[in-house]
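Structural description and commentary
Residue-level listing of the chains:
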Amino acid sequence: MIWVFILTLFASSSLLFMVQPMFAKMALPMLGGSPGVWNLCMLFFQATLLAGYGYAHLTSRWLGVKKQALLHLVVMVIPALMLPMAIPETWVAPRESDPTLWLLALLGVVVGLPFFAVSTMGPLMQKWFASTGHMHAKDPYFLYAASNFGSMLALLAYPIALEPMLRLSGQSNLWAAGYIGLVVMTGLCAMIVYRTASDTEEVAMSPVAPLPWGRRLRWTALAFVPSSLMLAVTTYFTSDIASVPLLWIIPLALYLLTFILVFAQKKVLPHRWMVMSLPTLLLVLVLLLVIGANNPVWLIAPAHILTFFVATMVCHGELAEDRPETAHLTEFYLIMSFGGVLGGLFNALVAPIAFDSAAEYPITLVLAALLLPARNAVGHWKTDLAQPAVVGAIAVLCALAPRFVSLPIPALESLISSGVPVALCLTLVERPIRFGLGLAAVFLAGMLNPNYEGSLMFAERSFFGIHRVTHWQDRGVNALMHGTTLHGLQFVEDGKPVRSDVPMTYYHRTGPAGQVLQTLPKSRQLNLGMIGLGTGSLVAYADKGQKVTYYEIDPLVTWIADKSPYFSYMRDARARGVELNVIHGDARLTLAESPDVYDILVIDAFSSDSVPVHLLTVEAFRDVYLPKVSDGGFMLMNVSSRYLDLLPVLANLADHLDLVLYEQEDDDLTPAMRAEGKEAARWVVMARSRANLEPMASDSRWVEHKGAEPGPLWTDDFSNILSVLRALKG
């Protein structure tokens, strides 16, 4: 009997976590795949999970398990009529408005009902099992470990097995088949409940003593912190360390693993070990955050991941240690889900509006410290406030000291100024409130000397990420950064951008793009299309009477490049007679609707390591790009990436569509080139005919690629990020 419940929970949780990346593959690339999209989707799934847990709690209280079982079978059957899942063709992403409501509505239409039905299974199956009279029925929480094991397995299996093997239609059909199987398994569980549940379960359950509100609030906080921390770690990694594709899987998988470990009948990692180790890990991580350490990645990344894992183990372990009797089981899970939703709300909706940086990360770390079990119950509130205040004052003095006393080694100066107050926090670990407030004081003091490369001029956060403009005094330039990715430079004199005739970074005149664009005839009325704006340095190649149209998904980037005082490429181009237009929205959609045909279509949407896959499919090239390129024109694509090798994808597309492809990788930079703002870059040109690419064909620096490369052909229905990860290709 017990295995029927275990397998049902395993199947339901597997379906839950298969549908999330599957839907992302269907729809999220339409919005650029930014951290904001991921956080918003997580918020939707958490909110739907909360609704499912609310349904489980209320129907258990009102109906009892037998009547509830009948109702739930009906609830499970209704979504089956809507399968398999697919994006309606009539849904188009908004161009200039915030896509939050659009994405939430799309999620509701496509996955809302099936996800709701499956999300109810966790608490329901445990509640049903508790009514069976089985020897383990009095403590059914171990079934939650089986549920989360299914979730984690599905999460890891998707990119490794399902995505490389099945097209989206096949994935959707597989999910539909799994759902039908889950309905059958749920029916078997309902039959067991009818045979074994006591007669008293046929009516509404008798009233039970309510839980204290203090206990409920603590459960909420213990669920809030890991949920928020998981999203905060993901955002911080993609913004400040490395925007590695599929990185989001690691925190989420560890998040699920902690549930498996803390609710298992046999504890692999004792709770007290986690509690004892967390303060030390927090202190190390706080020091890394305050000094802005993000290299080497192989050393810094494990510190973040390990601290996140242990902090989540502590919070979820506290929940497991304080789990109630089965009469309050569904309420316990409802409150846990509520805390998780609050964490998602904080990160997805509050943080992007309230903060210009990933400030939710240190905030959540402080909350994790405050939730630690007290080692010393003796204390006074005045002391709990006074000691962190002293640490904060010392932290401020240490932060200001480098402005008056400088050391010969900047890294040592930063380490000392931040390390002293962090070390003082060791004296506060006996009392969580002192420890947490001490960490908060150190973080606040660290804001006096923000650790950005150069002087921070501007920082703002949009739906698509965190954008910073900094001034690099040693090179005399302003830099636009999106997370860890450089999106443009311009020389500055007396605080004003100058030399707008000098294209920099990936568009340097000696680089692959510069070699191509410098051949443009100045007298001809050329029409250039550009996917991706950056700082607008491409227009340095345009002359009077020529037209350049940018397709940019983020209006904030347009303001920085065109309206802000930090860059002047676009304003100066207009002054010399270049016609400039910016069209906002997803490039594939807006370009398809444009009446223009371009002599050169420049595609620079792949330089970030979060790849909009929908811009690299057969349908995108065949139905959108090629119709917008003139007969004698060509496409110029920036495929520079630290973690991805996109050349095989493009080579297969060229072979399939009978296009000519040349590629050049330019990474041998001299100090003089770097001083001129040149960055290593890899570019590809593609055209219908070799005659369209004559300058590249006669240039030995450009290499022609003929025929297909190893790897699949990407379509709207099939793509595989793992196949282009450099780390997996050797």
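Sequence order as written defines the numbering, with residues in each chain counted from 1. Selection of residues for local features in this predicted model requires a pLDDT of at least 70, selection of side-chain atom pairs for listing and counting requires 80 or more, and totals for whole chains, interfaces and linings are taken over all residues. Excluding hydrogens and water, the side-chain values take into account all heavy atoms of the structure.

**Points about the overall build of the protein chain**
What counts, and what does not: Note on conventions: DSSP H or I runs of at least 4 residues are helices, E runs of at least 2 residues are strands, and numbering of each starts at the N terminus. Only protein chains enter the accessibility calculation, which uses a 1.4 Å probe. A residue is then buried if its area is under 20% of the maximum for its type, exposed if over 50%, and partly exposed in between.
Scanning the protein chain for helices and strands turns up 24 helices and 13 strands. Counting the 730 residues in the protein chain, one finds 59% classified as buried.

**What to know about the pairing of strand β10 (residues 629-638)**
Rules: In this scheme, strands are said to pair when DSSP sees at least two bridges between them.
A large share of β10 lies buried, amounting to eight of its ten residues. Bridging between strand β9 (residues 598-603) and β10 involves five bridges; their strand directions are parallel. Following the sheet pairing, L601 is matched in β10 by M635. Judged from the four bridges that link them, β10 and strand β12 (residues 681-687) form a sheet pairing that is antiparallel. Note on β12: the bridge partner recorded for M637 is V684.

**A closer look at unusual backbone geometry**
Cis geometry is found at the peptide bond from L83 to P84, where omega equals -5°. Mapped onto the elements, P84 comes out in the loop between α2 (35-80) and α3 (100-119). Although it is not a glycine, R499 sits at a positive phi angle of roughly 55°. Mapped onto the elements, R499 comes out in the loop between β5 (496-497) and α16 (512-517). Although it is not a glycine, D658 adopts a positive phi angle of roughly 60°. Tracing the sequence through the fold places D658 in the loop between α21 (647-657) and β11 (660-666).

**Observations regarding the environment of I87**
Defined as follows: We call two residues in contact when some of their heavy atoms are within 4.5 Å.
Mapped onto the elements, I87 comes out in the loop between α2 and α3. Along the primary structure I87 and A27 are separated by 60 residues, whereas in three dimensions their C-alpha atoms are 7.3 Å apart. Setting aside residues no more than four positions away along its own chain, I87 makes contact with F23, M26, A27, L106 and V110.

**Here's the deal with the sheet that holds strand β2 (residues 465-472)**
The test is simple: A fitted line through C-alpha atoms represents every axis, and for helices the fit uses only the stretch in contact; the resulting angles, taken between N-to-C directions, go from 0 to 180 degrees.
Here we have five strands laid out as an open sheet, ordered β1-β2-β3-β4-β5, and antiparallel in their pairing. Two strands in the sheet have a free side with no partner beyond their single neighbour: β1 (455-462) and β5. Bridge count for β2 against strand β3 (residues 477-482) is six bridges, and the pairing is antiparallel. Across the sheet, the residue bridging to H471 is N478, located in β3. Against the sheet, helix α17 (residues 555-563) contacts β1, β2 and β3, and its axis sits at roughly 150° relative to β1.

**Examining the environment of E318**
So the rule is basically this: Under this definition, polar contacts are N or O atom pairs within 3.5 Å; protein pairs additionally need one hydrogen-donor-capable and one acceptor-capable atom, and for neighbouring residues in sequence, both atoms have to be side-chain atoms.
When you line up the elements, E318 lands in helix α10 (residues 297-321). If sequence neighbours within four positions are ignored, E318 has contacts with R218, L222, H271 and P373. Side-chain polar atoms of E318 contact the side chain of R218, separated by 2.7 Å.

**So, the sheet that holds strand β8 (residues 579-584)**
On the basis of which strands lie adjacent, the open sheet formed by eight strands has the order β8-β7-β6-β9-β10-β12-β11-β13 and mixed pairing. Looking at the sheet topology across the chains shown, the edges are occupied by β8 and β13 (703-704). Taken together, the two bridges between β11 and β13 define a ladder with antiparallel strand orientation. Bridge assignment links Y662 to a residue of β13, and that residue is E704. On top of the sheet, helix α20 (residues 618-625) reaches β6 (527-531), β9, β10 and β12; it is set at about 145° to β10, its chief contact.

**Quick word on the packing of helix α9 (residues 271-291) against helix α15 (residues 432-446)**
For any two helices packed against each other, one specifies the crossing angle of their axes together with the interaxial distance. Going by this rule: Here the angle decides the label: under 35 degrees means roughly parallel, over 145 means roughly antiparallel, 65 to 115 means roughly perpendicular, and every other value means oblique.
Relative orientation of the contacting elements α9 and α15 amounts to 10°, with a least axis distance of 10 Å. Comparing their axes, α15 and α9 come out roughly parallel. Residue-level contacts link P279, L282, L283, V286, L289 and V290 of α9 to F435, L439, V442, F443 and G446 of α15.

**Points about the packing of helix α5 (residues 142-165) against helix α8 (residues 249-263)**
Rules: Should the near helix be turned anticlockwise from the far one by less than a right angle, the crossing is termed left-handed; should it be turned clockwise, right-handed.
Between α5 and α8, the least distance of the axes is 7 Å, while the angle of their chain directions is 160°. Relative to α8, the element α5 is oriented roughly antiparallel. Once α5 is placed against α8, the crossing between them reads as left-handed. From α5, F142, Y144, A145, N148, F149, S151, M152, L155, L156 and P159 reach across to α8, where they touch I249, L252, A253, L256, L257, F259, I260 and F263.

**Describing the packing of aromatic side chains**
The cut-off we apply is this: Any pair of Phe, Tyr and Trp rings, taking the six-membered ring for Trp, is counted once the centres come within 6.5 Å. Such a pair is stacked with planes under 30 degrees apart, edge-to-face with planes over 60 apart, and tilted for the rest. The rule is short: NZ of Lys or CZ of Arg within 6 Å of the ring centre and within 35 degrees of the ring normal puts a charge over the ring.
Taken as a whole and assessed by the stated rule, the structure comprises 25 aromatic pairs. Where Y144 meets Y333, the ring centres are 4.8 Å apart and the plane angle is 50°; that geometry is what we call tilted. Taken as a pair, Y144 in helix α5 and Y333 in helix α11 (residues 329-354) lie far apart in primary sequence, 189 residues in all. Judged by relative accessible area, which is 0%, Y333 ranks as buried. An aromatic cluster is present here, built from Y53, Y141, Y144, W219, Y255, F259, F263, F332 and Y333 joined pairwise through their rings. Over the face of the ring belonging to Y194 we find K66, whose NZ or CZ atom lies 5.6 Å from the ring centre. Above the ring of W213, the side-chain terminus of R216 is found at 4.4 Å from the ring centroid.

**Notes on the pattern of salt bridges**
Where we set the bar: Should a side-chain nitrogen of Lys or Arg be within 4 Å of a carboxyl oxygen of Asp or Glu, the pair is scored as a salt bridge.
On inspection of all chains with the given rule, the structure shows 16 salt bridges. Taking the shortest distance from any N to any O, the salt bridge between D645 and R682 comes out at 2.8 Å. Here R682 lies in strand β12 and D645 lies in the loop between β10 and α21, a separation of 37 residues in the sequence. The burial state of D645 is the same as that of R682; both residues are buried. The network of salt bridges with shared partners includes D645, E663, E665 and R682.

**A closer look at the nonpolar core**
Worth spelling out the cut-off: The term nonpolar core refers to a set of buried residues drawn from Ala, Val, Leu, Ile, Met, Phe, Trp, Tyr and Cys, joined through side-chain atoms within 4.5 Å.
With 144 residues, the main nonpolar core has W128, W175, Y179 and F435 as its most contacted residues. Take this core: its biggest share by element is 15 residues, from α2. What F435 contacts, discounting residues up to four positions off in sequence, is P279, L282, L283, A369, L372, C425, L428 and V429. L486, V502, M504 and A542 belong to the second largest nonpolar core, which has 45 residues in total.

**Structural notes on the confidence of the model for the protein chain**
Which entries qualify depends on this criterion: Per residue, pLDDT measures the predictor's confidence, with a range of 0 to 100.
Summing up the model confidence of the protein chain, the mean pLDDT is 84 and the portion of residues at 70 or higher is 88%. Here helix α24 (residues 726-729) stands out as the least confident element of the protein chain, with mean pLDDT 62; helix α18 (residues 569-575) is the most confident, with 94. Throughout residues 199-205 the model reports pLDDT below 50, and contacts reaching past four residues in sequence, or to other chains, amount to 18 contacts.

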